[in-house]
Amino acid sequence: MLFRSPDTQTQVTPLSSQFFKEKLPMDELCQPAQETPKKRVVLLGFDGMPHELLNPLIQSNKLSHFKKLVEGGIYGVLNSTIVPSSSVAWTSMMTGQSPGKTGIFSFFLPQPDYNVRLITSHLRRQKALWEILSELGKKVLVINEPISAPPDEVNGIMVAGLLSEQGKPFTFPPLLSPQLTSLGYQTSYRKLKLEKQMFESPFGKDLLQYNLLGMSQLERNKEQLALTFMDSCDWDLLIAVFTMPDRLQHNRQDIGDDPLVSTYQLMDSFLGDFLDRLKPDDLLIVASDHGFKWFPKIFFLSKWLNDHHLLSSHDGRIDWKNTKIYPMDTVGNYATLRVNLRGREEKGIVAEEDYRGLVESVKKQMVLEKDLSTSDQVIKTCWSREELYGEIVTPGEPDLIMECQKDYKVVRDLHFPSETVIKLQQPIYDHRKEGVVFFYGESVSTGGLSPTLEIIDIATTILAYLQGWVPQEMEGQAFAEALSLTPGKTVNRHPFDLSRNKWDQRDASGQRNPELMEKLKSLGYMK
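Because the structure is a prediction, the values reported are computed rather than measured.

### Points about the sheet that holds strand β11 (residues 291-300)
Okay, so step 1: The three strands lie next to each other as β18-β11-β19, forming an open sheet whose pairing is mixed. This sheet does not close on itself; its edge strands, each paired only once, are β18 (408-411) and β19 (421-432). Adjacent strand axes in the sheet meet at a mean angle of 50°, parallel and antiparallel pairs treated alike.
Okay, so step 2: In terms of strand pairing, β11 meets β18 through four bridges, oriented parallel. Looking across to β18, one finds that F300 is bridged to V411.

See below:
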């Protein structure tokens, strides 16, 4: 059973917008809403929402508000990051910068002893939209952005999401955290472990412990909180992210499609609530951080490394003294790998002078891999870190990044099968790079399909709409069709410092806080 039965389900307290307005000290949290017309942006994020599920539901009239966006706005494909992990993708969406600039490559930061540590927002090396706009005097509301804990000091309100650590402030201003907790507000229905072994499951609590009703109510509470601030506060940018689609889609092969349809209808009702509150000068952007697809085949990365004498494993455990390269993350048909480098890893065996030759050799070998059943090429491409991220070395950065062909899901299981590639009897549903994006509002100049956009274009487009210019060093491009620009006109770029002074070098170095280590031991995460 995926979900608990009703008599054992985890209780989630229903919280309405009216309830929040009555219980929260709104006059202390924000300036009251203004009637004076001005440009504003609403960015709604739906984690993992793919065209493959969304389009048929729109066409069959089951999602009336998404259909309104299709008929009255611009919609299309939004390319995620390489790799399309939510931690990487949301960060790039909110900064307008690629992973090489943000310094976020995974949910976890590798440690010299081969354990990994949960990232925090302190590791982000570039300013996010809420920081940029706060500096420029704009007011922001940010609800449940997944990679926003601990929350930043902003000109407005932040309520962090998935990475929130129990017992610590998850809001700005901090006074809001105990108030929300006392009302029954929860930040997430599953918690990521603060520290774990490399091949261990990252989740301390999984959605197996929750039923669909409880998960839906928790998402509804987040929506109602966002609507509370949208109605009551003066703001220029509102960001609200809903993660339930991704959580269920990872289990699609087990639960079937009925829970997904009801979840998408719930998301559609959220969209309708925000649409009802839009004013004439508002721009609405709806986006997902990645998509999903069925993968009929599996590529066993660890076995491939073992077959090529790059990784040694015994009884499901890596023999580090005989391992040159090991897998870090696998997401859909992408994977990241790390060199077992002497002086960086605790038991590293690859000398620094041999690093470049090893990386180049592995790149060449990987693209030669064939599916023995079809003779098709399995691995589409393999990049070095410099090719994707530039010359600046960032803590936690992978040394190699690979992309398989579209039908091959990468896994890093250390229990090797007889073949490197296996065709599955039942396909697996997992991340793909192509997500969705919609633009809606009076500024949107044309209707219909948009060209394929990059995820880093979202932040740039928002700044261009609100400010009329974008930072010179921001990598994303403003989407002209959402800005009523005349053909051929480009958005001005001005100098603006995007680097974060708050970047936590202690966290990036991988050094451990003794108090945190004792807490992890008390929680049972470490011995």
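That was the structure; now back to the text.
### Let's talk about the confidence of the model for the protein chain
Okay, so step 1: For the protein chain, the mean per-residue pLDDT works out to 89, and 88% of the residues sit at or above 70.
Okay, so step 2: Overall, residues 205-209 carries pLDDT values under 50, and its contacts beyond four positions in sequence, including any with other chains, amount to 17 contacts.
Okay, so step 3: Across residues 508-527, where pLDDT falls below 50, the model places 30 contacts with residues more than four positions away in sequence or in other chains.

### So, the side chain of K363
Okay, so step 1: Inspection of the secondary structure assignment puts K363 in helix α14 (residues 352-366).
Okay, so step 2: A polar side-chain atom of K363 sits 2.9 Å from a polar atom in the side chain of E387.
Okay, so step 3: If near-sequence neighbours (up to four positions away) are discounted, K363 is found in contact with C382, W383, S384, E387 and L400.

### Some points on the pattern of salt bridges
Okay, so step 1: Counted under the stated rule, the structure contains 33 salt bridges.
Okay, so step 2: The residue K38 makes a salt bridge to D234 at a minimum N-O spacing of 2.9 Å. Of the two residues, K38 sits in the loop between α2 (26-29) and β1 (40-46) while D234 sits in the loop between α9 (212-232) and β9 (237-242), which places them 196 residues apart along the sequence.
Okay, so step 3: The exposure class of K38 is partly exposed, given its relative accessible area of 28%.
Okay, so step 4: Two residues, E223 and R220, come together in a salt bridge whose shortest N-O distance is 3.1 Å. Of this pair, E223 and R220 both sit in helix α9, three residues apart, which is roughly one turn of the helix.
Okay, so step 5: Residues joined in a network through salt bridges with shared partners are R338, R344, E345, R356, E360, K363, R385, E386, E387 and D399.

### Thoughts on the state of the cysteines
Okay, so step 1: With the rule as written, the count across this model stands at one disulfide.
Okay, so step 2: Here C30 connects covalently by a disulfide to C233, the sulfurs 2.0 Å from one another. Judged by the torsion about the S-S bond (-75°), the C30/C233 disulfide is left-handed. Linking C30 in the loop between α2 and β1 with C233 in the loop between α9 and β9, this pair joins segments that are 203 residues apart in sequence.

### Focus: the sheet that holds strand β15 (residues 334-339)
Okay, so step 1: Read across the open sheet, the four strands follow the order β14-β15-β17-β16; overall the sheet is antiparallel. Two strands lie at the open edges of the sheet, namely β14 (325-331) and β16 (379-384), each paired on one side alone. Adjacent strand axes in the sheet meet at a mean angle of 20° when their direction is disregarded.
Okay, so step 2: Examined bridge by bridge, β16 and strand β17 (residues 400-404) share five bridges and lie antiparallel to one another. Its bridge partner lying in β17, S384 is registered against L400.

### Overview of the environment of P427
Okay, so step 1: Here P427 is to be found in strand β19.
Okay, so step 2: We classify P427 as partly exposed; its relative accessible area is 29%.
Okay, so step 3: For P427 and I298, which are 129 residues apart along the polypeptide, the C-alpha to C-alpha distance reads 9.1 Å.
Okay, so step 4: Apart from residues no more than four positions distant in its own chain, P427 is found in contact with Q253, W294, F295 and P296.

### Topic: the pairing of strand β2 (residues 74-79)
Okay, so step 1: Looking at chain direction, β2 and strand β20 (residues 434-440) are connected through six bridges and run antiparallel. By the bridge assignment for β20, Y75 is matched with F438.
Okay, so step 2: Judged from the two bridges that link them, β2 and strand β22 (residues 453-454) form a sheet pairing that is parallel. If you follow N79 over to β22, its bridge partner there is E454.

### Focus on the packing of aromatic side chains
Okay, so step 1: For the structure on display, the rule yields 15 aromatic pairs.
Okay, so step 2: Relative to F496, the ring of W469 has its centre 6.1 Å away and its plane inclined at 50°; by these criteria the two rings are tilted. Of this pair, W469 sits in strand β23 (residues 469-471) while F496 sits in the loop between β24 (492-494) and α17 (505-509); the two residues are 27 residues apart in sequence, bridging distant segments of the chain. As far as burial versus exposure is concerned, W469 and F496 are alike and both buried.
Okay, so step 3: Put simply, the rings of F46, F66, Y75, F242, F270 and F438 touch in pairs and so form one group of aromatic residues.
Okay, so step 4: The ring centre of Y429 lies 4.6 Å from the NZ or CZ of R252, which sits over that ring.
Okay, so step 5: Note that K293 overlies the ring of F295, its terminal NZ or CZ placed 4.4 Å from the centroid.

Conventions adopted
Residues numbered from 1 in each chain as written. Predicted model: local features only at pLDDT ≥ 70, side-chain atom pairs only at ≥ 80, totals over all residues. Heavy atoms only, no water. Pairing = 2+ DSSP bridges. Helix = DSSP H or I, 4+ residues; strand = E, 2+ residues; numbered from the N terminus. Axes fitted to C-alpha atoms, helices over the stretch in contact; angles between N-to-C directions. pLDDT = per-residue confidence, 0-100. Contact = heavy atoms within 4.5 Å. Polar contact = N/O pair within 3.5 Å; in protein donor to acceptor, adjacent residues only side chain to side chain. Salt bridge = Lys/Arg side-chain N within 4 Å of Asp/Glu carboxyl O. Buried < 20%, exposed > 50% of the residue type's maximum accessible area, 1.4 Å probe, protein only. Disulfide = S-S within 2.5 Å. Phe/Tyr/Trp six-rings, centres within 6.5 Å; stacked < 30°, edge-to-face > 60°. Lys NZ or Arg CZ within 6 Å of the ring centre and 35° of its normal.

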